[in-house]
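# Fold and contact review
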Amino acid sequence: MERRRTILLACAAIAGAAMLCGCSKTEGGMHLSGAIQFGMASRGGQSTKTVYGDDVEKNNKKYQALNWAEGDVVTIASPQAVVQNDPNAAHASNYVISQVTATGVPSRAKVVNEAANGLMWLDNIDTYDFYGIYPKHQTGLITLTQNGAVEATIPEEQTNEASEKTKKSKDESVTYTVYEPDMNYAFMIGALKSFKPKSNTQIVPLRFYPAFTAFEFNVSSQDDPIEITEIQLEAQGSDVLSGTFSTNAADSTLASVNASGKKTATLKTTTEKQTEVDGETVTEVTGVGVTATEGASFTLFTLPKDNTQALKLRVTSKDGDATKTSYVMLTYAKEGKDLDAETTHAAKTPVVFKAGHKYRINMLKLPSSQWKITISVHLEPWETGEETVIYI
């Protein structure tokens, strides 16, 4: 399968609250002061932003729109720059997308400082390092130090919200209702090292890369209606799928990720409704119903680290008052090309899901009368191809 890199480029610089000061020549070179302006970008073949957009067909190729959302906030830090008027000389500031001007391919937005003051150029400093994270620095979710150290947590248990979006299977025999994930866990990291500004109005081109792995499951029934209550991935051996990971914002390849946590990542697909019955409160738990023609599309986030052994996919459904669990090991059925189309595999070997990618498992059919599930078509990664520029 061919690969497509997707790049997001900011059309507008981040506006500083203070007036930009001028610059003058000194013996050490350019004398700079004033607010630093950033041109944010999101880069990576399987990267995402805070809203998954629709699939778009252009030139007989498939793209997925990577749409910014108003209110998205990133944190940018630098060991050299400081926040204007901060008495504690903080080295990090937040920047917010104030207006989305276009969605789809391309996607555009305007950005401003979240607070009154942002990072500043300093006198007599020639070279700067910049580090960024999405979403913004928040203890317990994702944090960033001035030297680029990142720590983030992906929960073991996740939920999706039903949306008004629907999509068709490839043969159009199944219509899927799209359930949206919590994009706060679609972590992004970025860095620009050894940057030498030529003027105090120069825009800093800070690019962001995905720091998570995503699985999209498109599920329907082979026969009778089924009520799904849970979808779970389980790792084997020393692999982990949820918990805490650490890396550096400059590591766009995620090669340095150190992860610890649980072997499972679970997507709960139930809702609770309380009603009064004979004066008592009764809680009714309802799953997501699917049929042979009406399915559901779910997304689960996992830690950004390649698996070394096969993942087990479990789907739990209601069977009257009881529940049952169907499962399948995610291994290759026969010898052939890997998902990256660059290496080969033998039969029954694990499918390796690369960190920072999004994968679709299409045509996942659940039999109502059996205990094992089958994947009707091969697993495929997010479709990618030649480089495409998306301006935001």
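Placed above this text is the structure.
The rules we used
- One numbering rule holds for all chains: residues counted from 1, following each sequence as written.
- In keeping with the predicted nature of the model, local features appear solely for residues at pLDDT of at least 70, side-chain atom pairs appear and are counted solely at 80 or more, and the whole-chain, interface and lining totals rest on all residues.
- Side-chain calculation: all heavy atoms of the structure are included, whereas hydrogens and water are not.
- Any two strands are treated as partners once DSSP identifies two or more bridges connecting them.
- Numbering of helices and strands runs from the N terminus, with a helix taken as a DSSP run of H or I at least four residues long and a strand as a DSSP run of E at least two residues long.
- Structural elements are reduced to axes, namely lines fitted to C-alpha atoms, with helices fitted over the stretch in contact, and the angle between N-to-C directions of any two is expressed from 0 to 180 degrees.
- Only protein chains enter the calculation, and the probe is 1.4 Å; a residue is then buried if its accessible area is under 20% of its type maximum, exposed if over 50%, and partly exposed in between.
- Only buried Ala, Val, Leu, Ile, Met, Phe, Trp, Tyr and Cys residues count toward a nonpolar core, and they belong to the same one when joined by side-chain atoms within 4.5 Å.
- Residues count as neighbours in contact if any of their non-hydrogen atoms are within 4.5 Å of one another.
- For this analysis, a ring pair means two rings from Phe, Tyr or Trp (six-membered ring only for Trp) whose centres lie within 6.5 Å, classed as stacked if their planes differ by under 30 degrees, edge-to-face if by over 60, and tilted for the remaining angles.
- Here a salt bridge means any side-chain nitrogen of Lys or Arg lying within 4 Å of a carboxyl oxygen belonging to Asp or Glu.

### Some thoughts on the sheet that holds strand β15 (residues 149-154)
Read across the open sheet, the four strands follow the order β14-β15-β23-β24; overall the sheet is antiparallel. Single-partner strands in this sheet number two, and they are β14 (142-144) and β24 (258-262). The sheet shows a mean angle of 10° between the axes of neighbouring strands, taken without regard to direction. As paired elements, β14 and β15 share three bridges and run antiparallel to each other. Each residue of the ladder has a partner; that of threonine 143, found in β15, is glutamate 151.

### Concerning the pairing of β15
Side chains Val150, Ala152 and Ile154 project from β15 onto a buried face, and the interleaved Ala149, Glu151 and Thr153 project onto a face without burial. In textbook terms, the turn of a hairpin is the stretch between consecutive antiparallel strands, and for β14 and β15 this stretch comprises four residues, one of which, glycine 148, has a positive phi near 90°. Note that β15 and strand β23 (residues 242-248) share six bridges and pair antiparallel. The residue bridging alanine 152 from the neighbouring strand is phenylalanine 245, located in β23.

### Section: the nonpolar core
With 30 residues, the main nonpolar core has Phe217, Ile228, Ile231, Leu233 and Phe298 as its most contacted residues. Every element with two or more residues in this core is listed here: β21 (213-221), β22 (226-234), β25 (264-268), β28 (288-290), β29 (294-302), β30 (312-319) and β34 (358-366). If we ignore the near neighbours within four places in the chain, the residues touching phenylalanine 217 are Ile231, Leu233, Ala296, Ser297, Phe298, Leu300, Leu313, Ile361 and Leu364. Core analysis: the second largest hydrophobic core is formed by 25 residues, Leu141, Leu144, Ala214 and Phe301 among them.

### Re the packing of aromatic side chains
The tally for this structure, following the rule as stated, stands at 13 aromatic pairs. Measuring from ring centre to ring centre gives 6.2 Å for tyrosine 185 and phenylalanine 187, while their planes differ by 90°; the resulting arrangement is edge-to-face. With 4.9 Å between their ring centres and 80° between their planes, phenylalanine 353 and tyrosine 359 make a pair best called edge-to-face. On the accessibility criterion, phenylalanine 353 (2% relative accessible area) is buried.

### Section: the pattern of salt bridges
A full pass over the atoms with the stated rule returns nine salt bridges. Lysine 136 is the salt-bridge partner of glutamate 114, the closest N and O atoms lying 3.0 Å from each other. Of this pair, glutamate 114 sits in the loop between β11 (108-113) and β12 (119-121) while lysine 136 is found in the loop between β13 (128-134) and β14, placing the two residues 22 residues apart along the sequence. Overall, the relative accessible area of 28% leaves lysine 136 in the partly exposed class. In this structure, arginine 314 engages glutamate 234 in a salt bridge whose closest nitrogen and oxygen atoms are separated by 2.4 Å. On the criterion of sequence distance, the pair formed by arginine 314 in strand β30 and glutamate 234 in strand β22 is long-range, its members being 80 residues apart. Among the residues examined, arginine 314 registers a relative accessible area of 23% and is labelled partly exposed.

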